[in-house]
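Chain by chain, the residues run as shown.
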Amino acid sequence: DLAVSLDSPKYLQPGETVMLNASVSNIGLSNETDVELSLLVDGAIVNHTRIQQLSVGESYVLTYKWTPIEEKTYNLTAFSPPVFGEETISDNMVTKLVRVRWIKGRVLFDQTHWTDDIRMYSVWVSNLTESGYIVEPHTSGSITPQVLENYDVFIIPQACMQYSSEELFAIKSFVLNGGGLVIIGDDYPSIYTSLTEFAGITWSWEISGWWGQTSDITQHPITDGVRSVYFGAPISQLNVQQPAVDIVRGGFKGYVEVMLAVSEVEFGRVIAIADEQTVSDGYIIYADNMQLAVNMVNWL
């Protein structure tokens, strides 16, 4: 029996060169001869070989230097025809899609600290993807410098579990060296404070019991084109000191509570939002929340 695999990236920019690797392995009980392996791009063969002998347990790798030019989604396929007597052929072909487009930046959503599921933000993610961002989730393991080094923006959507001191140091270093950080929070002010205190933003419980739409907005690049923002019953509020600045405020009963703040610290930037519903699927369509959500990532 044969098993085929294909090593390729998910994304490329036009004119970027990558080495594609297609491989075939003999996972059967007998040696095989004249094994064929083909690599196809959009149905056209770009490389092909015939392997005279492939012994049990051996593999063969077929490479191809690929430089796509056109912006589109390409279909890449590695295929090896079944050998005589092969009954299971589901492993003989592998297909992957590679999206080629100009990339604005790379965004990482943390999914490891009992955070909101990224699927709660699918409208926002789809908008970012369509406008040229690569958006990916971090689903396992600690937050380390190695995890963050390939991204421009790190988003933590409503974390419910404390970050370790090593993780906090990695996140802070990421920002100080030019990264963008978004903290979306509501229920656990102490967790969010540990993430943003270095940037002049702390969190506390909201006390006026307010919810709804506010136009108490400071002009800033992230509020360009934003006349009002809708918040769905926030539980937390923000406290700011230099270098942080409060941007959006709301409240009932005479209270003025900071709901969104930004900070520029050394080479990086931080945004804090005291209500996860503001950019979630259920509320991002309200007021000018979508424009705000897009502006935030663009600014970072």
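The paragraphs below set out a description of the structure included in this document. (Residues numbered from 1 in each chain as written. Predicted model: local features only at pLDDT ≥ 70, side-chain atom pairs only at ≥ 80, totals over all residues. Heavy atoms only, no water.)

1. Looking at the packing of aromatic side chains
Any pair of aromatic rings gets described here by the distance separating the centres and the angle formed by the planes.
1) Next: Tallied over the full model, the rule gives ten aromatic pairs.
2) Next: When the centroid spacing of 6.1 Å and the interplanar angle of 40° are considered together, the rings of phenylalanine 109 and tyrosine 121 count as tilted. Of this pair, phenylalanine 109 sits in strand 9 (residues 105-110) while tyrosine 121 sits in the loop between strand 9 and helix 1 (122-130), placing them twelve residues apart in sequence. One exposure class covers both phenylalanine 109 and tyrosine 121, and it is buried.
3) Next: Seen from their ring centres, tyrosine 192 and tryptophan 203 are 4.9 Å apart, and the 55° between their planes marks the pair as tilted. Separated by eleven residues along the polypeptide, tyrosine 192 in helix 4 (residues 189-196) and tryptophan 203 in strand 13 (residues 201-205) bring together distant segments of the chain. Across the pair, exposure class does not vary: tyrosine 192 and tryptophan 203 are buried alike.
4) Next: Here a set of aromatic residues connected by ring pairs shows up, and it is made of Phe109, Tyr121 and Trp124.
5) Next: Over the aromatic face of tyrosine 74 sits the side chain of lysine 72, whose NZ or CZ is 4.8 Å from the ring centroid. (Phe/Tyr/Trp six-rings, centres within 6.5 Å; stacked < 30°, edge-to-face > 60°. Helix = DSSP H or I, 4+ residues; strand = E, 2+ residues; numbered from the N terminus. Buried < 20%, exposed > 50% of the residue type's maximum accessible area, 1.4 Å probe, protein only. Lys NZ or Arg CZ within 6 Å of the ring centre and 35° of its normal.)

2. Some remarks on the pairing of strand 5 (residues 44-54)
1) Next: Both strand 4 (residues 32-41) and strand 5 contribute to a ladder of nine bridges, which runs antiparallel. Paired with glutamate 36 across the bridge in strand 5 is arginine 50.
2) Next: In textbook terms, the turn of a hairpin is the stretch between consecutive antiparallel strands, and for strand 4 and strand 5 this stretch comprises two residues, one of which, aspartate 42, has a positive phi near 50°. (Pairing = 2+ DSSP bridges.)

3. As for the sheet that holds strand 6 (residues 59-66)
Strand-to-strand pairing in sheets goes through backbone hydrogen bonds, with the strands running parallel or antiparallel.
1) Next: Read from one edge to the other, the open sheet built from three strands follows the order 1-3-6, with strand pairing classed as antiparallel. Across the chains shown, the open sheet's two edge strands, defined by having one partner strand only, are strand 1 (2-7) and strand 6. This sheet shows a mean twist of 15° between the axes of neighbouring strands, independent of strand direction.
2) Next: With six bridges connecting them, strand 1 and strand 3 (residues 18-26) associate as antiparallel partners. Bridge pairing links leucine 2 to asparagine 26 in strand 3. (Axes fitted to C-alpha atoms, helices over the stretch in contact; angles between N-to-C directions.)

4. Comments concerning the side chain of aspartate 110
1) Next: By the secondary structure assignment, aspartate 110 is in strand 9.
2) Next: Salt bridges are absent for the buried aspartate 110, whose nearest opposite-charge side chain, arginine 119, sits at 14 Å.
3) Next: A polar side-chain atom of aspartate 110 sits 2.7 Å from a polar atom in the side chain of threonine 112.
4) Next: In this structure aspartate 110 touches Thr115, His138, Ile143, Phe154, Ile155, Ile156, Pro157 and Tyr163, once residues within four positions along its chain are discounted. (Lys, Arg positive; Asp, Glu negative; His and termini not counted. Salt bridge = Lys/Arg side-chain N within 4 Å of Asp/Glu carboxyl O. Polar contact = N/O pair within 3.5 Å; in protein donor to acceptor, adjacent residues only side chain to side chain. Contact = heavy atoms within 4.5 Å.)

5. Here's the deal with the nonpolar core
1) Next: Counting residues in hydrophobic clusters, the biggest one holds 63 residues, and the most contacted among them are Trp124, Leu260 and Ile271.
2) Next: Top contributing element to this core by residue count: strand 19 (residues 257-265), with six residues.
3) Next: The contact partners of isoleucine 271, leaving out residues within four places of it in the chain, are Leu181, Val182, Ile183, Ile222, Leu260, Ala261, Val262, Met296, Trp299 and Leu300.
4) Next: By size, the runner-up hydrophobic cluster in this structure holds 22 residues, among which are Val35, Leu39, Val41 and Trp66. (Core = buried A, V, L, I, M, F, W, Y, C linked by side-chain atoms within 4.5 Å.)

6. Brief notes about the pairing of strand 12 (residues 180-184)
1) Next: A large share of strand 12 lies buried, amounting to five of its five residues.
2) Next: Covered by surrounding structure in strand 12 are Gly180, Val182 and Ile184 together with Leu181 and Ile183, the residues of both alternating faces.
3) Next: By the bridge criterion, five bridges tie strand 11 (residues 153-157) to strand 12 in an arrangement that is parallel. When the bridges of strand 12 are listed, phenylalanine 154 appears paired with leucine 181.
4) Next: This β-α-β element, strand 11 to helix 3 (residues 165-176) to strand 12, shows right-handed connectivity.
5) Next: Sheet analysis places strand 12 next to strand 20 (residues 268-273), joined by five bridges and oriented parallel. (Right-handed = clockwise from strand over helix to strand, strands pointing away.)

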